[in-house]
Amino acid sequence: MALATTPPGPSSYIAFSKAYRDDPLGAFGQAWKTYGDSIRFKALPGVDVYFVVHPDAAAHVLNSHGQAYRKAASVHQPLSLLLGNGILISEGESWLRQRRLMNPAFHRQSIVKLASVMTRFAQEQADRWERYPTGSTIDVAEEMQQLTLEIVGEALFSTGLEAQLDSFSIAFRRAAEFINDRINAPFKLPMWVPTKPHRQFTENRDRLQQIALHLIQLRRHQQNSPLDLLSMLMAAQDADTGAQMSDSELLDEVMTLLIAGHETVSVTLSWAFHLLGNHPEVLQRLQDELETVLKGNPPSGEDYMQLPYTRTVVEETLRLYPPVWGLSRETIEADEIQGYSIAPKSFVIVGTYFTHRHPEFWTAPEQFNPERFTEAEALKRHKFAYYPFGGGPRICIGNQFALMEATLILATLVQRFHLEPTSAQPVEIDPTFTLRPKNGLSMRLVRR
Ligand code: HEM
(Lines give C-alpha, C1' and ligand atoms only; values in the text may rest on other atoms or scores of the structure.)
Protein backbone atom coordinates (compact mmCIF):
# COMPACT_ATOMS: atom_id res chain seq x y z
CA MET A 1 0.00 0.00 0.00
CA ALA A 2 1.35 3.46 -0.92
CA LEU A 3 2.20 5.69 2.03
CA ALA A 4 -0.06 8.71 2.41
CA THR A 5 1.63 12.01 1.67
CA THR A 6 1.06 15.58 2.81
CA PRO A 7 -0.97 17.89 0.53
CA PRO A 8 0.95 20.67 -1.23
CA GLY A 9 0.66 24.25 -0.01
CA PRO A 10 2.37 27.61 0.35
CA SER A 11 5.60 27.74 2.31
CA SER A 12 4.76 31.13 3.82
CA TYR A 13 1.62 31.15 5.90
CA ILE A 14 2.27 34.79 6.79
CA ALA A 15 1.93 35.83 3.15
CA PHE A 16 -1.23 33.74 2.82
CA SER A 17 -2.80 35.09 5.99
CA LYS A 18 -2.19 38.65 4.85
CA ALA A 19 -3.87 37.89 1.51
CA TYR A 20 -6.67 36.14 3.44
CA ARG A 21 -7.30 39.18 5.63
CA ASP A 22 -7.62 41.41 2.55
CA ASP A 23 -9.73 39.02 0.48
CA PRO A 24 -10.57 35.59 1.96
CA LEU A 25 -12.25 34.14 -1.13
CA GLY A 26 -9.58 35.52 -3.46
CA ALA A 27 -6.79 34.06 -1.29
CA PHE A 28 -8.34 30.59 -1.14
CA GLY A 29 -9.25 30.77 -4.84
CA GLN A 30 -5.66 31.59 -5.78
CA ALA A 31 -4.33 28.78 -3.58
CA TRP A 32 -6.82 26.34 -5.16
CA LYS A 33 -5.64 27.34 -8.63
CA THR A 34 -1.99 26.92 -7.65
CA TYR A 35 -2.07 23.75 -5.55
CA GLY A 36 -5.24 21.86 -6.49
CA ASP A 37 -8.10 20.32 -4.51
CA SER A 38 -6.23 19.59 -1.25
CA ILE A 39 -3.96 22.19 0.30
CA ARG A 40 -2.00 22.34 3.52
CA PHE A 41 -1.21 25.62 5.25
CA LYS A 42 1.33 25.55 8.06
CA ALA A 43 -0.50 27.98 10.33
CA LEU A 44 1.61 27.93 13.51
CA PRO A 45 4.36 25.56 14.62
CA GLY A 46 2.54 22.24 15.01
CA VAL A 47 -0.81 23.55 13.73
CA ASP A 48 -1.84 22.71 10.19
CA VAL A 49 -4.85 23.99 8.29
CA TYR A 50 -6.11 21.79 5.45
CA PHE A 51 -8.37 23.17 2.78
CA VAL A 52 -10.29 20.65 0.67
CA VAL A 53 -12.53 21.24 -2.34
CA HIS A 54 -13.17 17.92 -4.09
CA PRO A 55 -16.71 16.52 -3.54
CA ASP A 56 -15.17 13.19 -2.39
CA ALA A 57 -13.28 15.07 0.32
CA ALA A 58 -16.45 16.93 1.37
CA ALA A 59 -18.33 13.61 1.56
CA HIS A 60 -15.47 12.12 3.58
CA VAL A 61 -15.23 14.90 6.20
CA LEU A 62 -18.93 15.70 6.56
CA ASN A 63 -20.41 12.26 6.15
CA SER A 64 -18.55 8.96 5.79
CA HIS A 65 -15.70 9.81 8.23
CA GLY A 66 -17.55 12.45 10.22
CA GLN A 67 -16.77 10.63 13.50
CA ALA A 68 -13.08 11.58 13.07
CA TYR A 69 -14.02 15.30 13.18
CA ARG A 70 -15.71 17.82 15.39
CA LYS A 71 -16.70 21.42 14.84
CA ALA A 72 -13.63 23.66 15.02
CA ALA A 73 -13.23 25.33 18.42
CA SER A 74 -11.67 28.44 16.89
CA VAL A 75 -14.97 29.11 15.12
CA HIS A 76 -17.45 27.64 17.56
CA GLN A 77 -16.09 29.14 20.76
CA PRO A 78 -16.69 32.68 19.48
CA LEU A 79 -20.10 31.60 18.15
CA SER A 80 -21.01 30.03 21.48
CA LEU A 81 -20.73 33.48 23.10
CA LEU A 82 -24.04 34.13 21.37
CA LEU A 83 -25.53 30.67 20.87
CA GLY A 84 -24.48 29.03 24.15
CA ASN A 85 -24.63 25.27 23.79
CA GLY A 86 -27.42 25.37 21.20
CA ILE A 87 -27.72 22.67 18.54
CA LEU A 88 -25.34 24.39 16.08
CA ILE A 89 -22.50 24.26 18.60
CA SER A 90 -22.99 21.15 20.73
CA GLU A 91 -21.31 17.80 20.09
CA GLY A 92 -21.70 14.11 20.85
CA GLU A 93 -24.54 12.84 23.03
CA SER A 94 -25.81 16.27 23.91
CA TRP A 95 -26.08 17.24 20.20
CA LEU A 96 -27.84 13.95 19.37
CA ARG A 97 -30.39 14.56 22.11
CA GLN A 98 -31.05 18.12 20.88
CA ARG A 99 -31.34 16.99 17.28
CA ARG A 100 -33.83 14.25 18.20
CA LEU A 101 -35.91 16.70 20.21
CA MET A 102 -35.95 19.28 17.43
CA ASN A 103 -36.32 17.05 14.35
CA PRO A 104 -40.14 16.76 14.49
CA ALA A 105 -40.51 20.56 14.44
CA PHE A 106 -38.65 20.58 11.10
CA HIS A 107 -40.36 17.63 9.42
CA ARG A 108 -42.03 18.47 6.17
CA GLN A 109 -45.54 18.28 7.69
CA SER A 110 -44.60 20.84 10.36
CA ILE A 111 -42.91 23.17 7.89
CA VAL A 112 -45.81 23.07 5.44
CA LYS A 113 -47.99 24.60 8.18
CA LEU A 114 -45.63 27.58 8.25
CA ALA A 115 -46.07 28.36 4.55
CA SER A 116 -48.97 30.72 5.30
CA VAL A 117 -46.73 32.71 7.69
CA MET A 118 -44.15 33.04 4.91
CA THR A 119 -46.62 34.19 2.26
CA ARG A 120 -48.44 36.56 4.65
CA PHE A 121 -45.23 38.41 5.55
CA ALA A 122 -44.05 38.40 1.93
CA GLN A 123 -47.36 40.03 0.90
CA GLU A 124 -46.99 42.63 3.65
CA GLN A 125 -43.51 43.38 2.33
CA ALA A 126 -44.92 43.77 -1.20
CA ASP A 127 -47.65 46.09 0.18
CA ARG A 128 -44.95 48.20 1.86
CA TRP A 129 -43.04 48.39 -1.43
CA GLU A 130 -46.26 49.41 -3.16
CA ARG A 131 -46.20 52.59 -1.08
CA TYR A 132 -42.71 53.60 -2.33
CA PRO A 133 -42.68 55.75 -5.48
CA THR A 134 -41.90 53.49 -8.42
CA GLY A 135 -38.23 53.80 -9.38
CA SER A 136 -37.14 54.25 -5.73
CA THR A 137 -33.75 52.90 -4.79
CA ILE A 138 -33.85 50.41 -1.93
CA ASP A 139 -31.27 48.37 -0.03
CA VAL A 140 -32.52 44.87 -0.83
CA ALA A 141 -30.12 43.26 1.69
CA GLU A 142 -31.52 45.37 4.53
CA GLU A 143 -35.13 44.76 3.49
CA MET A 144 -34.63 40.99 3.21
CA GLN A 145 -32.96 40.88 6.60
CA GLN A 146 -35.98 42.47 8.26
CA LEU A 147 -38.43 40.29 6.37
CA THR A 148 -36.71 36.98 7.14
CA LEU A 149 -36.28 37.95 10.79
CA GLU A 150 -40.00 38.73 11.01
CA ILE A 151 -40.82 35.34 9.48
CA VAL A 152 -38.58 33.23 11.70
CA GLY A 153 -39.75 35.28 14.72
CA GLU A 154 -43.37 34.54 13.85
CA ALA A 155 -42.62 30.86 13.13
CA LEU A 156 -41.05 30.58 16.58
CA PHE A 157 -43.22 32.79 18.75
CA SER A 158 -46.40 33.44 16.70
CA THR A 159 -46.31 36.99 17.93
CA GLY A 160 -44.20 39.29 19.99
CA LEU A 161 -41.05 40.00 18.02
CA GLU A 162 -42.48 42.75 15.77
CA ALA A 163 -42.11 45.52 18.32
CA GLN A 164 -38.52 44.55 19.00
CA LEU A 165 -37.51 43.84 15.42
CA ASP A 166 -35.30 46.88 14.88
CA SER A 167 -33.62 46.55 18.22
CA PHE A 168 -32.97 42.82 17.60
CA SER A 169 -31.72 43.42 14.10
CA ILE A 170 -29.23 46.13 15.09
CA ALA A 171 -27.94 44.22 18.12
CA PHE A 172 -27.56 41.07 16.01
CA ARG A 173 -25.58 42.84 13.26
CA ARG A 174 -23.16 44.31 15.82
CA ALA A 175 -22.78 41.05 17.72
CA ALA A 176 -22.17 39.16 14.44
CA GLU A 177 -19.40 41.61 13.47
CA PHE A 178 -17.69 41.09 16.81
CA ILE A 179 -17.91 37.29 16.46
CA ASN A 180 -16.55 37.40 12.95
CA ASP A 181 -13.56 39.51 14.06
CA ARG A 182 -12.95 37.15 16.96
CA ILE A 183 -13.03 34.08 14.70
CA ASN A 184 -10.38 35.65 12.48
CA ALA A 185 -8.21 37.12 15.27
CA PRO A 186 -4.98 35.11 15.69
CA PHE A 187 -4.92 35.89 19.44
CA LYS A 188 -8.07 36.24 21.48
CA LEU A 189 -8.13 38.10 24.78
CA PRO A 190 -10.33 36.38 27.37
CA MET A 191 -13.80 37.88 27.43
CA TRP A 192 -13.44 38.99 31.05
CA VAL A 193 -10.85 41.59 30.00
CA PRO A 194 -13.00 44.76 29.97
CA THR A 195 -12.08 46.14 26.53
CA LYS A 196 -14.58 48.40 24.74
CA PRO A 197 -15.45 45.78 22.04
CA HIS A 198 -15.97 43.14 24.76
CA ARG A 199 -18.28 45.44 26.72
CA GLN A 200 -20.22 46.42 23.62
CA PHE A 201 -20.59 42.80 22.53
CA THR A 202 -21.87 41.81 25.97
CA GLU A 203 -24.45 44.62 25.87
CA ASN A 204 -25.67 43.52 22.44
CA ARG A 205 -25.74 39.84 23.42
CA ASP A 206 -27.69 40.67 26.59
CA ARG A 207 -30.21 42.71 24.61
CA LEU A 208 -30.78 39.79 22.21
CA GLN A 209 -31.09 37.27 25.02
CA GLN A 210 -33.47 39.48 27.03
CA ILE A 211 -35.82 39.71 24.06
CA ALA A 212 -35.80 35.93 23.54
CA LEU A 213 -36.03 35.04 27.23
CA HIS A 214 -38.93 37.41 27.77
CA LEU A 215 -40.88 35.66 24.99
CA ILE A 216 -40.08 32.21 26.42
CA GLN A 217 -41.22 33.25 29.89
CA LEU A 218 -44.42 34.80 28.57
CA ARG A 219 -45.18 31.49 26.90
CA ARG A 220 -44.60 29.52 30.12
CA HIS A 221 -47.54 31.42 31.64
CA GLN A 222 -49.79 31.34 28.61
CA GLN A 223 -52.78 29.04 28.38
CA ASN A 224 -53.84 27.71 24.95
CA SER A 225 -50.44 28.40 23.46
CA PRO A 226 -50.34 28.66 19.67
CA LEU A 227 -48.91 25.83 17.61
CA ASP A 228 -45.53 27.31 16.70
CA LEU A 229 -41.90 26.20 16.84
CA LEU A 230 -41.54 27.37 20.44
CA SER A 231 -44.47 25.23 21.64
CA MET A 232 -43.04 22.26 19.76
CA LEU A 233 -39.65 22.79 21.41
CA MET A 234 -41.28 23.19 24.83
CA ALA A 235 -43.38 20.07 24.40
CA ALA A 236 -40.51 17.95 23.07
CA GLN A 237 -39.49 15.18 25.48
CA ASP A 238 -36.31 13.17 25.62
CA ALA A 239 -37.22 9.65 24.42
CA ASP A 240 -35.24 7.99 27.27
CA THR A 241 -35.81 10.24 30.27
CA GLY A 242 -38.99 12.12 29.35
CA ALA A 243 -37.18 15.36 30.32
CA GLN A 244 -38.14 18.64 28.67
CA MET A 245 -35.89 21.64 27.99
CA SER A 246 -35.11 24.15 30.71
CA ASP A 247 -35.46 27.91 30.05
CA SER A 248 -31.73 28.24 29.51
CA GLU A 249 -31.65 25.31 27.05
CA LEU A 250 -34.62 26.82 25.25
CA LEU A 251 -32.89 30.19 25.14
CA ASP A 252 -29.83 28.71 23.38
CA GLU A 253 -32.04 26.94 20.82
CA VAL A 254 -34.24 29.97 20.24
CA MET A 255 -31.20 32.23 19.72
CA THR A 256 -29.75 29.64 17.32
CA LEU A 257 -32.95 29.41 15.30
CA LEU A 258 -33.51 33.16 15.20
CA ILE A 259 -29.98 33.76 13.96
CA ALA A 260 -29.31 30.69 11.76
CA GLY A 261 -32.86 30.95 10.45
CA HIS A 262 -32.85 34.51 9.11
CA GLU A 263 -29.40 35.68 8.07
CA THR A 264 -28.82 32.79 5.63
CA VAL A 265 -32.20 33.10 3.89
CA SER A 266 -31.90 36.87 3.71
CA VAL A 267 -28.54 36.77 1.92
CA THR A 268 -29.85 34.06 -0.45
CA LEU A 269 -32.71 36.35 -1.46
CA SER A 270 -30.40 39.34 -1.92
CA TRP A 271 -28.17 37.36 -4.27
CA ALA A 272 -31.20 35.97 -6.11
CA PHE A 273 -32.45 39.52 -6.83
CA HIS A 274 -28.97 40.56 -7.88
CA LEU A 275 -28.68 37.62 -10.30
CA LEU A 276 -32.19 38.11 -11.70
CA GLY A 277 -31.48 41.81 -12.23
CA ASN A 278 -28.56 40.84 -14.44
CA HIS A 279 -30.14 37.88 -16.27
CA PRO A 280 -33.31 39.08 -18.03
CA GLU A 281 -33.81 35.72 -19.76
CA VAL A 282 -34.00 33.89 -16.41
CA LEU A 283 -36.27 36.59 -14.99
CA GLN A 284 -38.59 36.21 -17.99
CA ARG A 285 -38.90 32.43 -17.49
CA LEU A 286 -39.55 32.96 -13.80
CA GLN A 287 -42.28 35.55 -14.54
CA ASP A 288 -43.79 33.17 -17.13
CA GLU A 289 -43.99 30.38 -14.56
CA LEU A 290 -45.62 32.71 -12.03
CA GLU A 291 -48.19 33.87 -14.57
CA THR A 292 -49.05 30.34 -15.75
CA VAL A 293 -49.29 28.80 -12.29
CA LEU A 294 -50.69 31.64 -10.21
CA LYS A 295 -52.90 33.29 -12.86
CA GLY A 296 -52.59 36.62 -11.10
CA ASN A 297 -53.42 35.26 -7.61
CA PRO A 298 -50.96 35.74 -4.77
CA PRO A 299 -48.89 32.58 -4.11
CA SER A 300 -50.04 30.36 -1.26
CA GLY A 301 -48.30 27.49 0.52
CA GLU A 302 -49.98 24.97 -1.79
CA ASP A 303 -48.34 26.63 -4.80
CA TYR A 304 -44.86 25.81 -3.53
CA MET A 305 -44.67 22.43 -5.26
CA GLN A 306 -46.11 23.92 -8.46
CA LEU A 307 -43.26 26.43 -8.86
CA PRO A 308 -40.30 24.23 -9.86
CA TYR A 309 -38.51 26.90 -11.89
CA THR A 310 -38.73 29.45 -9.05
CA ARG A 311 -37.20 26.87 -6.75
CA THR A 312 -34.35 26.12 -9.18
CA VAL A 313 -33.56 29.85 -9.21
CA VAL A 314 -33.12 29.62 -5.43
CA GLU A 315 -31.01 26.47 -5.71
CA GLU A 316 -28.76 27.93 -8.39
CA THR A 317 -28.36 31.10 -6.29
CA LEU A 318 -27.25 28.90 -3.38
CA ARG A 319 -24.70 27.25 -5.68
CA LEU A 320 -23.08 30.51 -6.77
CA TYR A 321 -23.41 32.27 -3.42
CA PRO A 322 -23.63 29.70 -0.62
CA PRO A 323 -24.27 31.80 2.52
CA VAL A 324 -22.12 29.38 4.55
CA TRP A 325 -19.19 29.43 2.15
CA GLY A 326 -16.94 26.99 4.02
CA LEU A 327 -17.35 24.47 6.83
CA SER A 328 -14.68 24.20 9.48
CA ARG A 329 -13.81 21.11 11.44
CA GLU A 330 -11.02 19.83 13.71
CA THR A 331 -9.61 16.34 13.48
CA ILE A 332 -10.13 14.24 16.59
CA GLU A 333 -7.76 11.59 15.31
CA ALA A 334 -5.33 11.30 12.40
CA ASP A 335 -7.11 10.73 9.11
CA GLU A 336 -6.44 10.27 5.43
CA ILE A 337 -8.37 12.22 2.80
CA GLN A 338 -7.99 11.18 -0.82
CA GLY A 339 -4.58 9.64 -0.14
CA TYR A 340 -3.29 12.62 1.86
CA SER A 341 -2.50 12.22 5.53
CA ILE A 342 -4.14 14.66 7.93
CA ALA A 343 -2.42 15.11 11.28
CA PRO A 344 -4.47 14.85 14.50
CA LYS A 345 -5.68 18.16 16.00
CA SER A 346 -5.57 19.88 12.62
CA PHE A 347 -8.07 22.32 11.27
CA VAL A 348 -9.93 21.27 8.09
CA ILE A 349 -11.94 23.69 5.95
CA VAL A 350 -14.31 22.20 3.40
CA GLY A 351 -14.59 24.87 0.71
CA THR A 352 -18.28 24.87 -0.29
CA TYR A 353 -17.98 28.00 -2.45
CA PHE A 354 -15.21 26.40 -4.51
CA THR A 355 -16.77 22.92 -4.81
CA HIS A 356 -19.86 24.65 -6.18
CA ARG A 357 -17.69 26.16 -8.94
CA HIS A 358 -15.49 23.11 -9.56
CA PRO A 359 -15.03 22.78 -13.34
CA GLU A 360 -14.88 18.96 -13.20
CA PHE A 361 -18.39 18.87 -11.78
CA TRP A 362 -20.09 21.88 -13.34
CA THR A 363 -20.17 22.99 -16.96
CA ALA A 364 -19.51 26.73 -17.29
CA PRO A 365 -19.45 26.99 -13.48
CA GLU A 366 -19.48 30.79 -13.34
CA GLN A 367 -22.72 31.01 -15.32
CA PHE A 368 -26.10 31.50 -13.64
CA ASN A 369 -28.22 28.69 -15.04
CA PRO A 370 -31.13 27.36 -12.96
CA GLU A 371 -31.61 24.52 -15.50
CA ARG A 372 -28.86 22.64 -13.68
CA PHE A 373 -31.35 21.90 -10.94
CA THR A 374 -33.98 20.02 -12.89
CA GLU A 375 -34.47 16.60 -11.28
CA ALA A 376 -32.81 14.81 -14.20
CA GLU A 377 -29.69 17.01 -14.07
CA ALA A 378 -29.40 16.78 -10.27
CA LEU A 379 -29.50 12.96 -10.43
CA LYS A 380 -26.48 12.88 -12.74
CA ARG A 381 -24.30 14.79 -10.30
CA HIS A 382 -21.90 13.74 -7.54
CA LYS A 383 -23.93 13.94 -4.33
CA PHE A 384 -21.39 16.27 -2.74
CA ALA A 385 -20.85 18.57 -5.72
CA TYR A 386 -23.54 20.73 -4.10
CA TYR A 387 -23.99 21.11 -0.35
CA PRO A 388 -25.17 24.63 0.59
CA PHE A 389 -26.80 23.09 3.67
CA GLY A 390 -23.77 20.98 4.65
CA GLY A 391 -24.11 17.21 4.71
CA GLY A 392 -24.13 14.09 6.81
CA PRO A 393 -25.59 14.06 10.32
CA ARG A 394 -24.98 17.80 10.88
CA ILE A 395 -26.84 18.86 7.75
CA CYS A 396 -28.92 22.01 8.24
CA ILE A 397 -32.09 21.15 10.15
CA GLY A 398 -33.86 24.10 8.52
CA ASN A 399 -33.13 23.23 4.88
CA GLN A 400 -36.77 22.54 3.90
CA PHE A 401 -37.90 25.63 5.80
CA ALA A 402 -35.30 27.73 3.96
CA LEU A 403 -36.08 26.45 0.46
CA MET A 404 -39.80 26.91 0.95
CA GLU A 405 -39.38 30.37 2.45
CA ALA A 406 -37.00 31.67 -0.21
CA THR A 407 -39.15 30.24 -3.04
CA LEU A 408 -42.40 31.72 -1.70
CA ILE A 409 -40.86 35.13 -0.98
CA LEU A 410 -39.26 35.28 -4.41
CA ALA A 411 -42.55 34.28 -6.08
CA THR A 412 -44.52 36.92 -4.14
CA LEU A 413 -42.13 39.79 -4.78
CA VAL A 414 -41.27 38.96 -8.42
CA GLN A 415 -44.98 38.67 -9.22
CA ARG A 416 -45.47 42.32 -8.27
CA PHE A 417 -42.09 44.03 -8.75
CA HIS A 418 -39.06 44.15 -10.91
CA LEU A 419 -35.75 45.02 -9.24
CA GLU A 420 -33.21 46.66 -11.51
CA PRO A 421 -29.50 47.06 -10.84
CA THR A 422 -28.54 50.65 -10.03
CA SER A 423 -25.01 50.31 -11.32
CA ALA A 424 -23.16 48.34 -13.96
CA GLN A 425 -20.39 47.69 -11.42
CA PRO A 426 -20.17 44.06 -10.22
CA VAL A 427 -21.39 43.72 -6.65
CA GLU A 428 -18.55 42.79 -4.34
CA ILE A 429 -18.78 39.83 -2.00
CA ASP A 430 -18.22 40.25 1.72
CA PRO A 431 -17.51 36.80 3.17
CA THR A 432 -17.78 37.81 6.82
CA PHE A 433 -20.07 35.67 9.00
CA THR A 434 -22.06 34.72 5.90
CA LEU A 435 -21.45 35.48 2.23
CA ARG A 436 -23.12 38.89 1.86
CA PRO A 437 -23.13 41.60 -0.74
CA LYS A 438 -20.58 44.17 0.41
CA ASN A 439 -22.18 47.41 1.68
CA GLY A 440 -25.70 46.12 1.10
CA LEU A 441 -27.42 45.73 -2.26
CA SER A 442 -28.84 48.82 -3.82
CA MET A 443 -31.54 48.18 -6.49
CA ARG A 444 -34.28 50.17 -8.22
CA LEU A 445 -37.82 49.09 -7.39
CA VAL A 446 -40.17 49.08 -10.37
CA ARG A 447 -43.84 48.09 -10.09
CA ARG A 448 -44.98 45.54 -12.69
C1 HEM B 1 -30.52 29.27 2.77
C2 HEM B 1 -30.62 29.13 4.06
C3 HEM B 1 -29.71 28.29 4.91
C4 HEM B 1 -28.44 27.84 4.66
C5 HEM B 1 -27.59 28.05 3.42
C6 HEM B 1 -28.03 27.08 5.83
C7 HEM B 1 -26.80 26.43 5.93
C8 HEM B 1 -26.46 25.61 6.99
C9 HEM B 1 -25.26 24.82 7.05
C10 HEM B 1 -24.19 24.76 5.97
C11 HEM B 1 -25.29 24.13 8.22
C12 HEM B 1 -24.25 23.11 8.68
C13 HEM B 1 -23.13 23.76 9.47
C14 HEM B 1 -22.00 22.77 9.75
O15 HEM B 1 -22.05 21.62 9.35
O16 HEM B 1 -21.04 23.21 10.39
C17 HEM B 1 -26.48 24.52 8.93
C18 HEM B 1 -26.85 24.05 10.18
C19 HEM B 1 -27.97 24.48 10.85
N20 HEM B 1 -28.97 25.31 10.36
FE21 HEM B 1 -29.06 26.12 8.54
N22 HEM B 1 -29.04 27.11 6.74
C23 HEM B 1 -30.09 27.82 6.23
C24 HEM B 1 -31.31 28.06 6.83
C25 HEM B 1 -31.66 27.66 8.09
C26 HEM B 1 -32.95 27.89 8.71
C27 HEM B 1 -34.12 28.60 8.04
C28 HEM B 1 -32.88 27.37 9.98
C29 HEM B 1 -33.93 27.34 11.05
C30 HEM B 1 -35.10 27.90 11.02
C31 HEM B 1 -31.55 26.80 10.14
C32 HEM B 1 -31.09 26.20 11.28
C33 HEM B 1 -29.91 25.48 11.35
C34 HEM B 1 -29.51 24.72 12.53
C35 HEM B 1 -30.26 24.64 13.84
C36 HEM B 1 -28.30 24.08 12.21
C37 HEM B 1 -27.49 23.16 13.10
C38 HEM B 1 -27.89 21.72 12.83
C39 HEM B 1 -27.08 20.69 13.62
O40 HEM B 1 -25.90 20.91 13.88
O41 HEM B 1 -27.66 19.65 13.92
N42 HEM B 1 -30.85 26.99 8.98
N43 HEM B 1 -27.20 25.42 8.15
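Since we're looking at a predicted model, the values are computed, not measured. (Residues numbered from 1 in each chain as written. Predicted model: local features only at pLDDT ≥ 70, side-chain atom pairs only at ≥ 80, totals over all residues. Heavy atoms only, no water.)

### Some points on the sheet that holds strand S4 (residues 136-139)
Applied cut-off: Strands qualify as paired when DSSP identifies two bridges or more between them. Each helix is a run of DSSP H or I of at least 4 residues and each strand a run of E of at least 2, with the numbering of both proceeding from the N terminus. Whenever a helix is involved, its axis is fitted only over the stretch in contact; in every case the axis is a line through C-alpha atoms, and angles between N-to-C directions fall within 0 to 180 degrees. The contact definition used throughout considers only heavy atoms, calling two residues in contact when any of these lie within 4.5 Å.
If you walk across this open sheet you meet the 3 strands as S4-S12-S9, and the pairing is antiparallel. Each end of this open sheet is capped by a strand with a single partner; those strands are S4 and strand S9 (417-421). Pairwise comparison of adjacent strand axes, ignoring direction, gives a mean angle of 40° for this sheet. Two strands pair when backbone bridges link them, and S9 and strand S12 (residues 442-447) are joined in this way by 5 bridges, in the antiparallel orientation. When the sheet's bridge partners are listed, His418 is paired in S12 with Val446. Along the sheet, helix H8 (residues 140-157) contacts S4, S9 and S12; its crossing angle with S4, the most-contacted strand, is approximately 60°.

### Focus on the UniProt feature "binding site: heme" (unreviewed entry) in the chain
Selection criterion: UniProt positions are given in the numbering used here, feature names are shortened, and annotations may be inferred rather than shown by experiment. Exposure is judged per residue with a 1.4 Å probe applied to protein chains only, and the accessible area is read against the type maximum: over 50% gives exposed, under 20% gives buried, and values in between give partly exposed.
UniProt's feature table lists "binding site: heme" (unreviewed entry) at Cys396, given in the numbering used throughout. Note on placement: Cys396 falls in the loop between helix H17 (375-380) and helix H18 (399-416). Look at Cys396 and you get partly exposed, because its relative accessible area is 31%. Filtering out sequence-adjacent residues up to four positions away, Cys396 remains in contact with Arg99 and Phe389.

### Regarding the pairing of S4
Burial along S4 is one-sided: the face carrying Ser136 and Ile138 is buried and the face carrying Thr137 and Asp139 is not. Both S4 and S12 contribute to a ladder of 4 bridges, which runs antiparallel. Each residue of the ladder has a partner; that of Ile138, found in S12, is Met443.

### Things to note about the environment of Ile409
Inspection of the secondary structure puts Ile409 in helix H18. For Ile409, a relative accessible area of 0% puts it in the buried group. Other than its neighbours up to four places away in sequence, Ile409 contacts Ala122, Met144, Leu147, Thr148, Ile151 and Leu269.

### A few points about the site of the ligand
Selection criterion: When at least one non-hydrogen atom of a residue lies within 4 Å of a molecule or strand, that residue is treated as near it. Pairs of N or O atoms within 3.5 Å make up the polar contacts considered here, provided that, within protein, one atom can donate a hydrogen while the other can accept it, and that residues adjacent in sequence are counted only when both atoms are side-chain atoms. The classification used treats Ala, Val, Leu, Ile, Met, Phe, Trp, Tyr, Cys and Pro as nonpolar, Asp, Glu, Lys and Arg as charged, and all other residues, Gly among them, as polar.
Near the ligand lie 26 residues; those nearest to it are Trp95, Arg99, Arg329, Arg394 and Cys396. Separating an oxygen atom of the ligand from a side-chain N or O atom of Lys71 is a distance of 3.0 Å. Partitioned by chemical class, the residues of the shell around the ligand number 17 nonpolar, 5 polar and 4 charged.

### Side note on the pattern of salt bridges
Using the following cut-off: Note on definitions: salt bridges are taken to be side-chain nitrogens of Lys or Arg within 4 Å of carboxyl oxygens of Asp or Glu.
Summed over the entire model, instances satisfying the criterion amount to 25 salt bridges. Between Glu428 and Lys438 there is a salt bridge, with its nearest N and O atoms 3.9 Å apart. Taken together, the positions of Glu428 in the loop between S9 and strand S10 (429-430) and Lys438 in the loop between strand S11 (436-437) and S12 put the pair 10 residues apart, joining distant regions of the chain. Judged by its relative accessible area of 51%, Glu428 is exposed. Here Lys438 falls in the partly exposed class, since its relative accessible area comes to 37%. Connected through salt bridges with shared partners, the residues Asp127, Glu130, Arg416 and Arg447 form a single ionic network.

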